[in-house]
Amino acid sequence: MSEREPTGIRSGGRGGWAVAIVLLVVAITGGLLLFEGGYLGNRTVGINVTLPKIEAPAPVTK
């Protein structure tokens, strides 16, 4: 019976780095477009809340 040496997965391709760089460029470009378009800029939101007046209940007398 012949013995086989274990086979492994060889890494070393540059395709992963290329995909990572493209995704990084897309993310930076998208962020700049959103920020410059005013979607992520400084926005002021005014919230006015009027609470109803609550009176204390009358004391209970027996």
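Residues numbered from 1 in each chain as written. Predicted model: local features only at pLDDT ≥ 70, side-chain atom pairs only at ≥ 80, totals over all residues. Heavy atoms only, no water.

If you tally the helices and strands in the chain, you get 1 helix and 0 strands. Surface accessibility of the chain: about 7,100 Å² in total, with carbon and sulfur atoms responsible for 62%. (Helix = DSSP H or I, 4+ residues; strand = E, 2+ residues; numbered from the N terminus. Areas by Shrake-Rupley, 256 points an atom, 1.4 Å probe, with all protein chains shown as cover.)

Taking 1.5 Å of rise per residue, 22 residues should cover 32 Å, and helix H1 (residues 15-36) covers 32 Å from first to last C-alpha, within 8% of that figure. Within H1, only 0 of the 22 residues are buried, which leaves the element largely exposed. Two residues or fewer after H1 comes Gly38, characterised by a positive phi angle close to 95°. (Expected span 1.5 Å × (residues − 1). Buried < 20%, exposed > 50% of the residue type's maximum accessible area, 1.4 Å probe, protein only.)

Together, Val45, Ile47, Val49 and Leu51 make up an exposed nonpolar region whose accessible area comes to about 490 Å². Relative to the helices and strands, Val49 resides in the segment after H1. The exposed category is assigned to Val49, whose relative accessible area is 62%. (Patch = residues over 30% accessible without salt bridge, like charges linked within 9 Å, V, L, I, M, F, W, Y side chains within 5 Å. Salt bridge = Lys/Arg side-chain N within 4 Å of Asp/Glu carboxyl O.)

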